[in-house]
Amino acid sequence: MSIRNALRLFALGALVISTVLAQDLSDTVRDQIKQIQQIKKNFTAAQKKMDSETVFGQLKALGQLPSWLAEITDSGTASTARVEIGANPSPALLSYIASIGGTVESASANNDVLVAVVPYAQLGSLAARSDVKRIAATGRMTTNGIAPRLTSLPMFIGSVSTQGYIAHKVNQAISTYGYTGAGVKVGVMSDSSTAARVRALISSGDLPVNTVVLPGQEGPTTGADEGTAMGEIVYDMAPGAQIYFASAFNSEQSFADNIRALAAAGCKVIVDDVSYFDEGAFQDGIVAQAVNDVTAAGVTYFSAAANDGDLSHATSGTWEGDFVQGAAVTTGPIATGGETGFFHNFGTAGTPVLYNTLSATNNRVSLKWSDPLGGSTNDYDIFVTNAAGTSLLAYGASAQDGTQDPFEYIGSTRVVAGTRIYVVLYAGSPRALHLATHRGKLSIATAGATYGHNAGLNTVSTAATAWNSARRGTIAFTGGTSNPTETFSSDGPRRIFFQPDGTPITPGNFLFATSGGTLLAKPDVTAADGVTTRTPGFSPFFGTSAAAPHAAGIAALIVQARPDYTPAQVKAAILNSALPASPARDFGVGIADAKAAVAYALAH
Amino acid sequence: MKRTLALVAVLAASAFVARANVILDVVSTGIVSTDPTQTNRLSRTTATISDWTNVKAFPGVQAGTFHYQAFELALTFQNYLQISVDDPNTAVYASVWLGPASSYTGPGTGVGFLGDMGFSGNNFGNPGFFQIIAPKDSIVTVVINNVPGTLYNQPFGLLVEAWADGNYNETPEPATAGLAGLALAGIGLAARARRKRS
C-alpha cells in the first residue's frame with residue numbers, strides 16, 4: 001500500500017470515528033444547540049454587548065424563549081440581575097439606570113465600571129445606550145479558604161497562634177534577628193472583616209489594637225469573616241505589623257480600587273485570597289492591573305493560588321490546550337439550520353473525543369481563549385449535556401465579534417458529576433483554550449489551574465501544604481518530599497499571550513503548540529494551611545487562603561529588615577531561601593522559610 | 001494483653017533537644033477485638049473540633065459497644081495539648097478525658113470530657129487534630145475508640161504535644177527531662193490499665 005493510500009485510509013477512518021462520536025450527542029440536543037445558535041445569530045448590536053446569562057435572561061423575562069430554553073437559562077426565577085456594566089459612570093447614565101428601575105451599588109470612574117441591580121427586562125435597553133460597552137452578571141467569585149463550619153459560637157478563653165509560626169520558623173527568625181514586622185502595614189483582602197469580629201479579636205490579642213478596616217469596606221454582611229482569619233495569621237507571623245483590611249468581594253472593580261486604596265494607606269505588603277471566575281487566563285484583567293500598579297509603587301503582593309486542584313494529585317478540574325477541530329456541528333439536525341462551527345476534539349486525530357466529562361463538580365464551568373480582553377474576534381460557546389448526551393442542561397453562548405471578552409460561563413445546579421461538556425467554535429480561528437470547572441474535576445484534565453491575578457506576573461502566587469503534612473506535629477517544614485502540597489492546591493504554570501493593554505506578546509502566535517506568548521512559573525512558593533485561628537469557622541483554616549497570609553507575614557519581617565528593598569527583592573528573598581520541593585508546577589520554588597528569608601535579605 | 005506489644009509507643013529520643021513538647025508519639029496497628037470495651041461513644045459533630053479557643057460542649061453519644069485504647073498522661077505546667085490523629089481509614093475516634101486511664105469506662109454523661117476531634121478520618125489526607133486545655137498538674141487520658149465497634153486492625157497514629165500557652169512558646173527549662181519521664185510514666189500507666197482490663 002502506498003503512503004498516499006495509507007493516509008487516505010487513515011483520514012477516512014478518522015472521519016468515520018469522528019462522525020460516530022459526534023452522534024453520541026442525540027438529535028434532540030443537536031436541535032437544541034441549533035435553536036440557541038439561531039437565537040445568537042439574530043442578536044442585536046445591544047445584545048452582543050451582553051454575556052450569555054444576561055442576554056438570555058432578558059429574552060426569558062420578555063417571554064421570547066421557548067419553554068425548554070427558559071427552564072435551563074442561568075437567570076433562574078430572578079426578575080432582576082446584579083450586573084457589571086462597562087461604562088463611564090456619568091450622571092446621565094446613573095439617571096437612566098434609576099429611570100428603568102435599577103439601583104447602582106458602586107461605580108468606578110477609574111475602571112469605567114458600574115455595579116447595579118437592574119430588571120432583566122430592561123437590560124436590552126440599557127445595553128442599547130451608546131455609552132454602555134458591555135453588561136455581564138456578577139457574583140462569579142470565591143474565596144480560597146476551606147473552613148469547616150462551627151455549629152455553635154465558641155467561648156474565647158485564650159489567644160492562639162497559627163502552627164505556621166513554628167512550621168515556617170518564624171519563632172527562630174524573631175529570636176535570631178529580632179524583626180517582627182514592626183512599622184510595616186499589611187493589607188488583607190478577602191470576603192469580609194466585620195467590626196464585631198475585629199473588636200473581639202483585638203480584645204483577645206489575636207489582632208493588633210491598631211487594626212484598620214478601610215471605611216465602608218468591611219465587606220458584605222453575608223461574608224464569613226475570612227479576612228479576619230487571614231489577618232490573624234499575618235499577625236501571628238509578624239507580631240509587630242499593623243493589619244489593614246478591605247473587602248475584595250463587592251465587585252471586581254471594587255477589588256481593584258481597594259488594592260490601590262490599601263497601597264495609598266501605606267501598606268507595603270498586601271495579600272488576598274479571592275478569585276473572580278472571569279479574570280483573564282491569558283491576559284491581566286483589572287485586578288491584575290491594580291496589582292501591577294501597586295507593585296510598581298513598592299508593594300509586595302501575595303495571593304492564594306486557588307483551590308482548583310492539580311494534575312499531580314489527579315484532582316484537576318482544568319483543561320488547557322489548543323482548539324482542535326472535531327466534528328462539524330452541522331452533523332445531524334443542525335445541518336438543516338445552516339449552522340457553522342465545530343466541536344473541539346479533546347482527544348487526538350486518530351481517537352477523537354468530542355466532550356469532557358465532569359467526574360466531580362462545583363456547578364460551574366467557564367471557558368477562556370487567547371483573544372484580548374474586550375477584543376475577542378473568535379466566538380466559542382460551551383454546552384453541558386447529561387451523561388448520555390441526550391439532554392441539554394446548560395449553555396454559555398455569548399456573542400464575540402470584536403468587542404467582547406473571550407469568556408463563556410455556566411453557573412447551574414444542573415451541572416453535576418457525570419455530565420458532558422462540549423466546546424464549540426461557533427465562528428473564527430483556533431485559539432488556546434482554558435476550560436475550568438472551579439473545583440470540579442475533569443475526566444480529561446491538564447495542569448495550569450491557577451489563573452488571573454492569583455497567578456499574575458507581579459503576584460507572589462502561593463500554594464498550600466498542611467502544617468502537619470510531615471505527620472510529625474508542630475515542627476519546622478523540611479521540604480523535599482516531606483511536605484507535599486494539598487491535593488486541592490491549584491497548579492501552574494501560567495501561559496499568557498497578551499500584555500495588560502491587550503497587545504500580543506507574540507503577534508500572530510496565540511497557541512500553546514507553537515509556544516506563543518510567555519510562560520510564567522506559577523505558583524511562586526508554598527506556605528502552610530490547615531491551621532488554628534480564633535475566627536469562628538476557621539479552625540482549622542484550610543486552603544491557599546490560609547497559605548497566602550503566612551507568606552505575606554514573612555514578607556513583613558523582610559520589609560522591616562530591609563526597608564530599602566523593592567517588591568522584586570522581597571520576593572527574591574523569599575524564593576531564593578525557600579526549602580526546595582518539586583514539582584515546580586505544584587510548589588513553585590518550594591516552601592517559604594522565614595528564618596532563611598530574613599537571613600538572605602540581610603546578606604544581599 | 002500481648003496487644004500492647006503491637007502498639008509502638010515511642011517517646012522521641014530527640015525530646016531532650018528540639019522536640020521537648022512531644023509527650024506521646026504512637027504508631028498503632030489498630031484497635032483489636034481484645035481491647036477493652038466501652039458503652040457508647042461520642043457523637044461525631046462533623047468538623048466541630050475542640051481547640052484552644054473553643055470549650056466544646058459534650059457532644060452527646062451514639063449507642064453501642066466499642067473497643068478502645070487509652071493513653072494516660074500526667075501534666076505539669078504544660079496544659080495546652082494538641083492531639084494529632086492520623087486516621088487514613090476513617091476508622092477511629094479520638095477524645096480526651098480528665099482522670100487516669102483506669103477510671104475511664106466510656107463517655108457516660110460527659111463527666112470529665114475535655115475535647116474531641118469532631119470527626120473521624122484525615123483532612124485532605126493530612127492528620128486531623130484538636131486541642132484541649134487541661135487543668136495544670138492533672139492526669140488526662142487520650143482515648144481512641146473504633147467506629148463502628150466491630151472495625152478492627154485499622155492503623156492509626158497519635159501524636160500529643162504540650163505547651164504552656166496557645167502561642168507555641170518554647171518549653172521553659174528544666175522541662176525536657178522531667179517531661180520525658182512523665183511521658184514514659186504515662187505510657188507505662190496506659191499499658192498497665194489496658195492489661196488490667198484485658
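Quick caveat: nothing in here was measured; it's all calculated off a predicted structure.

### Thoughts on the interface of chain B and chain A
Interfaces are frequently sized by the accessible area removed from exposure as the parts join.
1) Next: Between chain B and chain A, the contact holds 29 residues from the first and 37 residues from the second.
2) Next: Taken as a group, B:Thr53, B:Phe124 and B:Tyr168 account for 25% of the area that chain B buries against chain A, more than any other trio of residues on that side.
3) Next: Linking chain B to chain A there are 2 salt bridges.
4) Next: Linking chain B with chain A are 13 residue pairs in polar contact (both at pLDDT 80 or more), by the criterion used here.
5) Next: The set of elements that each furnish at least two residues to the side of chain B that touches chain A consists of strand E5 (80–86), strand E8 (128–133) and strand E10 (156–163) of chain B.

### Quick notes on helix H16 (residues 594–603) of chain A
Residues lying three or four places apart along an α-helix face the same way, a consequence of the helix completing one turn every 3.6 residues.
Residue and element names in this part refer to chain A.
1) Next: Within the sequence span of H16, burial applies to Ala 594, Ala 597, Val 598, Tyr 600 and Ala 601. Buried residues of H16 fall within an arc of 160 degrees about the axis and therefore sit on the same side.
2) Next: Close packing links the buried residues of H16 with helix H8 (170–177), helix H13 (544–561) and helix H14 (567–576).
3) Next: The distance from a side-chain oxygen at the start of H16 to the backbone nitrogen of Lys 595 is 3.2 Å, and the residue carrying that oxygen is Asp 593.

### Some points on the side chain of A:His453
Residue and element names in this part refer to chain A.
1) Next: Note on placement: His 453 falls in the loop between strand E22 (441–442) and strand E23 (459–466).
2) Next: Judged by relative accessible area, His 453 falls into the buried class, the value being 0%.
3) Next: Filtering out sequence-adjacent residues up to four positions away, His 453 remains in contact with Phe 255, Asp 272, Val 274, Glu 279, Val 287, Ala 288, Val 291, Tyr 301, Ser 303 and Thr 459.

### Describing the sheet that holds strand E3 (residues 113–119) of chain A
Residues and elements named next belong to chain A.
1) Next: Ordered in space as E2-E3-E1-E4, the 4 strands form an open sheet in which the pairing is antiparallel. Whereas interior strands pair on both sides, the edge strands pair on one side only; in this sheet they are strand E2 (103–108) and strand E4 (132–137). Each strand axis lies, on average, 25 degrees off the axis of its neighbour in the sheet, ignoring direction.
2) Next: In this sheet, E4 lies alongside strand E1 (residues 80–87) in antiparallel orientation, the contact comprising 5 bridges. Within E4, the position partnered with Val 83 by the bridge is Ala 137.
3) Next: Where helix H5 (residues 91–99) meets the sheet, it contacts E1, E2, E3 and E4, and its direction lies at approximately 20 degrees from that of E3.

### A look at the layout of surface pockets
Residues and elements named next belong to chain A.
1) Next: Reported here for the largest pocket is a volume of approximately 540 Å³.
2) Next: Lining the largest pocket are 24 residues, with Arg 134, Ile 286, Leu 373, Gly 374 and Asp 405 sitting closest to its centre.
3) Next: Counting only elements with at least two residues in the lining of the largest pocket, the list comes to E1, E4 and helix H12 (286–296).
4) Next: For the lining of the largest pocket, the leading source of residues is E1, giving 3 residues.

### Some points on unusual backbone geometry
Glycine aside, the phi torsion of most residues is negative, and most peptide linkages are trans.
1) Next: With an omega of 5 degrees, the peptide bond running from A:Ser539 to A:Pro540 counts as cis.
2) Next: Within the secondary structure, A:Pro540 sits in the loop between strand E26 (525–529) and H13.
3) Next: A cis amide bond links B:Val147 to the next residue, B:Pro148, at an omega of -5 degrees.
4) Next: At A:Arg471, a position not held by glycine, the phi torsion is positive, near 65 degrees.
5) Next: With respect to the helices, strands and loops of the structure, A:Arg471 is situated in the loop between E23 and strand E24 (494–496).
6) Next: A positive phi angle, close to 50 degrees, is found at B:Phe124, a residue other than glycine.
7) Next: Residue placement: B:Phe124 occurs in the loop between strand E7 (113–116) and E8.

### Digging into the nonpolar core
1) Next: Core analysis: the biggest nonpolar cluster contains 97 residues, and A:Ile558, B:Ile83 and B:Leu158 have the highest contact counts within it.
2) Next: With 12 residues, the top contributor of residues to this core is H13(A).
3) Next: Core analysis: the second largest hydrophobic core is formed by 43 residues, A:Ile39, A:Leu126, A:Ile135 and A:Phe383 among them.

### Some points on the confidence of the model for chain A
Do not read the predicted coordinates in detail wherever pLDDT is low.
1) Next: Confidence in the prediction for chain A averages 91 pLDDT; 92% of positions are at 70 or higher.
2) Next: Every residue in residues 9–21 of chain A is under pLDDT 50, and counting partners more than four places away or in other chains gives 12 contacts.

### Description of the pattern of salt bridges
Oppositely charged side chains can form a pair if their charged atoms are brought close together.
All names here are of chain A.
1) Next: Overall, the coordinates contain 18 salt bridges over all chains when judged by the stated rule.
2) Next: Between Arg 82 and Glu 105 there is a salt bridge, and its shortest N-O distance comes to 2.7 Å. Taken together, the residues span a long stretch of sequence, with Arg 82 in strand E1 and Glu 105 in strand E2 at a distance of 23 residues.
3) Next: Under the relative-accessibility criterion, Glu 105 is labelled partly exposed at 43%.
4) Next: Between Arg 134 and Glu 84 there is a salt bridge whose closest N-O contact spans 3.5 Å. Of this pair, Arg 134 sits in strand E4 while Glu 84 sits in strand E1, and the two are 50 residues apart along the sequence.

### Some remarks on the confidence of the model for chain B
Residue and element names in this part refer to chain B.
1) Next: When pLDDT is averaged along chain B, the result is 81; 75% of the residues meet or exceed 70.
2) Next: A low-confidence stretch, residues 1–19 stays under pLDDT 50, and its non-local contacts, those more than four residues away or across chains, total 40 contacts.
3) Next: In this model residues 172–189 is a low-confidence stretch, pLDDT under 50, and it forms 22 contacts with partners more than four residues away in sequence or in other chains.
4) Next: Scored as a complex, the prediction yields pTM 0.90 and ipTM 0.85.

### Quick word on the sheet that holds E7(B)
All names here are of chain B.
1) Next: Strand order in the open sheet formed by 5 strands is E3-E4-E9-E6-E7, with antiparallel pairing between adjacent strands. Each having just a single partner strand, strand E3 (37–42) and E7 make up the two edges of the open sheet. On average, adjacent strands in this sheet sit at an angle of 40 degrees to one another, irrespective of strand direction.
2) Next: The pairing of strand E6 (residues 92–98) with strand E9 (residues 139–146) spans 7 bridges and is antiparallel. From the neighbouring strand, Ala 94 faces E9, where its bridge partner is Ile 144.

### Topic: the pairing of strand E16 (residues 364–369) of chain A
Residues and elements named next belong to chain A.
1) Next: Within E16, 5 of the 6 residues are buried, which leaves the element mostly enclosed by the surrounding structure.
2) Next: When E16 meets strand E19 (residues 407–411), the two strands line up antiparallel, connected through 5 bridges. Along E19, the bridge assignment pairs Ser 366 with Tyr 409.
3) Next: As paired strands, E16 and strand E21 (residues 432–436) are joined by 4 bridges and run antiparallel to one another. Of the residues in E21, the one forming a bridge with Ser 366 is Ala 436.

### Some points on empty space enclosed by the protein
Residues and elements named next belong to chain A.
1) Next: Applying the stated criterion across every chain yields a total of 9 cavities of 30 Å³ or more.
2) Next: Looking at the largest cavity, its volume works out to about 170 Å³.
3) Next: As for the largest cavity, its lining consists of 15 residues, of which Asp 51, Ile 135, Ala 136, Asp 405 and Phe 407 are closest to the centre.
4) Next: Here the lining of the largest cavity takes 3 residues from E4, the largest share from any one element.
5) Next: Residue composition of the lining of the largest cavity, grouped by class: 5 nonpolar, 3 polar and 7 charged.
6) Next: Each pocket or cavity is described by its volume, and for the second largest cavity that value is around 80 Å³.
7) Next: Lining the second largest cavity, in full, are Glu 84, Arg 134, Ala 136, Ala 137, Thr 138, Gly 139, Arg 140, Ser 251, Glu 252, Tyr 276 and Asp 278.
8) Next: Counting residues per element, the lining of the second largest cavity draws most heavily on E4, at 3 residues.
9) Next: Its residues assigned to classes, the lining of the second largest cavity shows 3 nonpolar, 3 polar and 5 charged.

Procedures and definitions
- Residues numbered from 1 in each chain as written.
- Chains lettered and ligands numbered in written order.
- Predicted model: local features only at pLDDT ≥ 70, side-chain atom pairs only at ≥ 80, totals over all residues.
- Heavy atoms only, no water.
- Contact = heavy atoms within 4.5 Å.
- Buried area = accessible area lost by both parts, 1.4 Å probe.
- Salt bridge = Lys/Arg side-chain N within 4 Å of Asp/Glu carboxyl O.
- Polar contact = N/O pair within 3.5 Å; in protein donor to acceptor, adjacent residues only side chain to side chain.
- Helix = DSSP H or I, 4+ residues; strand = E, 2+ residues; numbered from the N terminus.
- Buried < 20%, exposed > 50% of the residue type's maximum accessible area, 1.4 Å probe, protein only.
- Arc of directions from axis to C-beta.
- Pairing = 2+ DSSP bridges.
- Axes fitted to C-alpha atoms, helices over the stretch in contact; angles between N-to-C directions.
- 1 Å grid on protein atoms, 1.4 Å probe; cavity = no way out; pocket = protein on both sides within 12 Å on 5 of 7 lines; lining within 4 Å.
- Points joined across faces, edges and corners; volume = space filled by probe spheres on them.
- Core = buried A, V, L, I, M, F, W, Y, C linked by side-chain atoms within 4.5 Å.
- pLDDT = per-residue confidence, 0-100.
- Nonpolar A, V, L, I, M, F, W, Y, C, P; charged D, E, K, R; others polar.

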